[in-house]
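Chain by chain, the residues:
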Amino acid sequence: MKPAPFAYRKARSLDEAVSLLVEQADARLLAGGQSLIATLNMRLSAPSLLIDVNGISGLDRIETANGTVKIGALTRHAQAEGSADIARHAPLIAQAMPHIAHPAIRNRGTIGGSIAFADPAAELPACMLALGGEVEASGPNGKRTIKADDFFIDLYETALRPGEMLTAIRVPAATAETRTGFAELARRHGDYAIAGLAATARAKGKGLSDVRLAFFGVGNTPVRARKAEDALAGGDVDAAVAALDLAPHDDIQATAAEKKHLAGVLLRRVAKQLMEAHV
Ligand SMILES: Cc1cc2nc3c(=O)[nH]c(=O)nc-3n(C[C@H](O)[C@H](O)[C@H](O)COP(=O)(O)OP(=O)(O)OC[C@H]3O[C@@H](n4cnc5c(N)ncnc54)[C@H](O)[C@@H]3O)c2cc1C
């Protein structure tokens, strides 16, 4: 299928992109195009204007300062995957990156596009939730910061307001006590996950504290399993699996019951990773 007709503008600055978004309420930003173009071709979306943001400079930087890693919205997945800074200071994102689609898609797809699109089976939204990250957005009323906990509202729905563009994400830089874990189950490597889990914790003696378990592919948004987090912090993996209170729906990949079972399998794998040192 071919997309419905649309106009195209290439924004040269953030202000220009925001002005165009405000002028044309049904406009869509075009970043890597790896999700947007598919939805246009399938006529799941028919915006009258595409605003290409690839010419806006300064939004593809990875910076680490004051205990925070900031990743610009236009950073390509492949750039993040190859970044020594991310490997060292944001190891959860480095662990997740090879699971996102295939190399050709990672060459074009952007961090900002993935977070803004908010696919419930995507890896990065779950990483953001597990890391307790923040999203930076710019709109007609200026800049604001949104916590990952408040960002993913419903299926493909985020806290971004009309006219806003996501400009960067920020996550806490890993310290010597940081533990991270990541696992997913997909039919073939590179496919969207049937179910996945991104997790962080802090080493505390021989145990863990501040456990954050963010599952993906098991709900309309990435979801935290808070009761299981408490049980895992207490060191009891069996209790953590028993405390999983996820409520997935059947989808084309698996039934709800299969997803619940897989969530338990993933939790055991990730718990093992969290109990080992990474940093
Ligand atoms: C075959 C295939 C397999 C894939 N598998 C996976 C996978 O396993 N895991 C996974 O996570 N992803 C997967 N993807 C999606 C891929 O990661 C995309 O790159 C990503 O979801 C969207 O990023 P993009 O830069 O291409 O965004 P685009 O396609 O350009 O945009 C997606 C949406 O986000 C909006 N948007 C983009 N940037 C911004 C911004 N800065 N601010 C506000 N809104 C914005 C656009 O307007 C559009 O609505 C797959 C894609 C394909 C084609």
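For clarity, every value in this text was computed on a predicted model and none was experimentally measured.

Draft legend 1. Up close: unusual backbone geometry. Positioned with a positive phi, Asn66 is a non-glycine residue whose angle comes to about 50 degrees. With respect to the helices, strands and loops of the structure, Asn66 is situated in the loop between strand 4 (62-65) and strand 5 (68-72).

Draft legend 2. Seen up close, the nonpolar core. Within the largest apolar cluster, 39 residues are counted, with the highest numbers of intra-cluster contacts made by Ile71, Ile93, Ile111, Ile115, Met128, Phe151 and Ile169. Every element with two or more residues in this core is listed here: strand 5, helix 5 (91-96), helix 7 (111-117), helix 8 (123-131), strand 6 (134-139), helix 9 (148-151), strand 10 (165-172) and strand 13 (207-216). A total of seven residues in this core trace back to one element, the largest contributor, which is helix 8. One finds Ala195, Leu244, Ala254 and Ala271 within the second-largest nonpolar core, a separate group that totals 28 residues.

Draft legend 3. Seen up close, the site of the ligand. Taken together, 29 residues sit near the ligand, with Leu29, Gly33, Leu36, Thr110 and Glu123 positioned nearest. At 2.9 Å, a backbone N or O of Ser35 approaches an oxygen atom of the ligand. In isolation the ligand has 970 Å² of accessible area, and contact with the protein removes 88% of it. Looking at the shell around the ligand, the elements that each hand over two or more residues are strand 2 (28-30), helix 7 and strand 10. The element contributing the most residues to the shell around the ligand is helix 7, with four residues. Taken together, the residues of the shell around the ligand break down into 15 nonpolar, 11 polar and three charged.

Draft legend 4. Region of interest: the pairing of strand 6. Among the six residues in strand 6, five count as buried, and that is most of the element. Relative to strand 7 (residues 142-147), strand 6 runs antiparallel, the two being bridged by six bridges. Paired with Val135 across the strands is Ile146, a residue of strand 7. Between the antiparallel neighbours strand 6 and strand 7 lie two residues.

Draft legend 5. Seen up close, the sheet that holds strand 12 (residues 195-204). With antiparallel pairing, four strands are arranged side by side in an open sheet as 11-12-13-14. The open sheet has two free edges, formed respectively by strand 11 (178-185) and strand 14 (223-224), since each of these has just one partner strand. Here strand 12 runs beside strand 13; their pairing, made up of eight bridges, is antiparallel. In the strand pairing of strand 13, Gly196 is matched with Phe216. Contacts between helix 10 (residues 226-233) and the sheet are confined to strand 13 and strand 14, with strand 13 contributing the most and set at about 150 degrees to the helix. Across the sheet, helix 12 (residues 256-274) lies against strand 11, strand 12 and strand 13, angled at about 150 degrees from strand 11, the strand it touches most.

Draft legend 6. Spatial organisation of the packing of aromatic side chains. What the rule picks out here adds up to three aromatic pairs. On the numbers, 5.1 Å between centres and 50 degrees between planes, the contact of Phe117 with Tyr156 is tilted. Of this pair, Phe117 sits in helix 7 while Tyr156 sits in the loop between strand 8 (152-154) and strand 9 (157-158); the two residues are 39 residues apart in sequence, bridging distant segments of the chain. Given the relative accessible area of 28%, Phe117 is considered partly exposed. Judged by centre distance (5.1 Å) and plane angle (90 degrees), the ring pair of Phe151 and Phe152 falls under edge-to-face. Comparing Phe151 with Phe152, the two get one shared label, buried.

Draft legend 7. The arrangement of helix 10 in detail. Burial in helix 10 covers these residues: Ala228, Glu229, Ala231 and Leu232. Buried positions in helix 10, seen along its axis, are confined to an arc of 165 degrees and lie on one side of it. Seen from the open side of helix 10, the exposed residues pointing more than 90 degrees away from its buried face are Lys227 and Asp230. Buried-residue contacts for helix 10 involve strand 13, strand 14, helix 11 (237-242) and helix 12. Positive backbone phi, approximately 90 degrees, marks Gly235, located one or two places after helix 10.

Conventions we followed
Residues numbered from 1 in each chain as written. Predicted model: local features only at pLDDT ≥ 70, side-chain atom pairs only at ≥ 80, totals over all residues. Heavy atoms only, no water. Helix = DSSP H or I, 4+ residues; strand = E, 2+ residues; numbered from the N terminus. Core = buried A, V, L, I, M, F, W, Y, C linked by side-chain atoms within 4.5 Å. Buried < 20%, exposed > 50% of the residue type's maximum accessible area, 1.4 Å probe, protein only. Near = heavy atom within 4 Å. Polar contact = N/O pair within 3.5 Å; in protein donor to acceptor, adjacent residues only side chain to side chain. Areas by Shrake-Rupley, 256 points an atom, 1.4 Å probe, with all protein chains shown as cover. Nonpolar A, V, L, I, M, F, W, Y, C, P; charged D, E, K, R; others polar. Pairing = 2+ DSSP bridges. Contact = heavy atoms within 4.5 Å. Axes fitted to C-alpha atoms, helices over the stretch in contact; angles between N-to-C directions. Phe/Tyr/Trp six-rings, centres within 6.5 Å; stacked < 30°, edge-to-face > 60°. Arc of directions from axis to C-beta.

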